[in-house]
Amino acid sequence: AKSLGMAKQLRVPVLGLVENLAYVQVPERAEPYYLFGPLRGEQSAKDAQVPYWGALAIDPAFAEACDNCRIPPLNPPTVRAMARRLIEARSPVKA
């Protein structure tokens, strides 16, 4: 919600909303664990009238790889779906 307000103030168009660091996936649990409580991005996106693109997990392995200048490709289904939505939002409309 804070970044939506900043984008509005700066007059930057918002193509969609992604909740970053939204949860952690613990191998021993089938369900994600929401460290910061229930997700609120979907409601924030609705209030701002922008598409909700989903939530990204906290991934310690990814953070460690980035810290060591070994950025691995992000390829989980969630990220692929968000990338597709971004491409669609930026693509010119065909008549």
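Residues numbered from 1 in each chain as written. Predicted model: local features only at pLDDT ≥ 70, side-chain atom pairs only at ≥ 80, totals over all residues. Heavy atoms only, no water.

### Quick notes on the overall build of the protein chain
In terms of regular secondary structure, the protein chain is built from four helices and two strands. Listed by position from the N terminus, the elements making up the protein chain come as α-β-α-β-α-α. In the protein chain, which comprises 95 residues, the share counted as buried stands at 20%. For the protein chain, the proportion of contacts with a sequence separation of at least 24, taken over those separated by at least 6, is 57%. With the model as given, the accessible surface of the protein chain reaches about 7800 Å², and the carbon-plus-sulfur share is 58%. (Helix = DSSP H or I, 4+ residues; strand = E, 2+ residues; numbered from the N terminus. Buried < 20%, exposed > 50% of the residue type's maximum accessible area, 1.4 Å probe, protein only. Contact = heavy atoms within 4.5 Å. Areas by Shrake-Rupley, 256 points an atom, 1.4 Å probe, with all protein chains shown as cover.)

### Some points on helix H2 (residues 41-48)
Among the residues making up H2, those that are buried are Gly41, Ser44 and Ala45. Buried positions in H2, seen along its axis, are confined to an arc of 100° and lie on one side of it. H2 presents Glu42, Lys46 and Asp47 as exposed residues on the side facing more than 90 degrees away from its buried surface. As for H2, its buried residues are in contact with helix H1 (2-10), strand E1 (17-24) and strand E2 (52-58). Looking at the residues trailing H2, positive phi occurs at Gln49, about 60°. (Arc of directions from axis to C-beta.)

### A closer look at the side chain of Glu19
Position of Glu19 relative to the elements: it lies in strand E1. Of the side chains with opposite charge, Arg40 comes closest to the buried, unpaired Glu19, at an N-O distance of 6.5 Å. Here the side chain of Glu19 touches Arg40 through a polar contact of 3.3 Å, landing on its backbone nitrogen. (Lys, Arg positive; Asp, Glu negative; His and termini not counted. Salt bridge = Lys/Arg side-chain N within 4 Å of Asp/Glu carboxyl O. Polar contact = N/O pair within 3.5 Å; in protein donor to acceptor, adjacent residues only side chain to side chain.)

### Observations regarding the pairing of E1
Sheet topology note: the E1/E2 ladder contains five bridges and is parallel. Looking at E2, one finds that Tyr23 is bridged to Ala57. This β-α-β element, E1 to H2 to E2, shows right-handed connectivity. (Pairing = 2+ DSSP bridges. Right-handed = clockwise from strand over helix to strand, strands pointing away.)

### Concerning the confidence of the model for the protein chain
When pLDDT is averaged along the protein chain, the result is 84, and 89% of the positions lie at 70 or above. Mean pLDDT across the secondary structure elements of the protein chain bottoms out at helix H3 (residues 60-67), with 79, and peaks at H2, with 93. (pLDDT = per-residue confidence, 0-100.)

### Let's talk about unusual backbone geometry
For Arg11, which is not glycine, the phi dihedral falls at a positive 60°. Along the chain, Arg11 falls in the loop between H1 and E1. Judged by relative accessible area, which is 78%, Arg11 ranks as exposed. Phi is positive for Gln49, which is not a glycine, with a value near 60°.

### Structural notes on a nonpolar patch on the surface
Nonpolar side chains collect at one region of the surface, where Leu21, Tyr33, Leu35 and Phe36 lie side by side and expose about 430 Å² of accessible area between them. For Phe36, a relative accessible area of 59% gives the class exposed. (Patch = residues over 30% accessible without salt bridge, like charges linked within 9 Å, V, L, I, M, F, W, Y side chains within 5 Å.)

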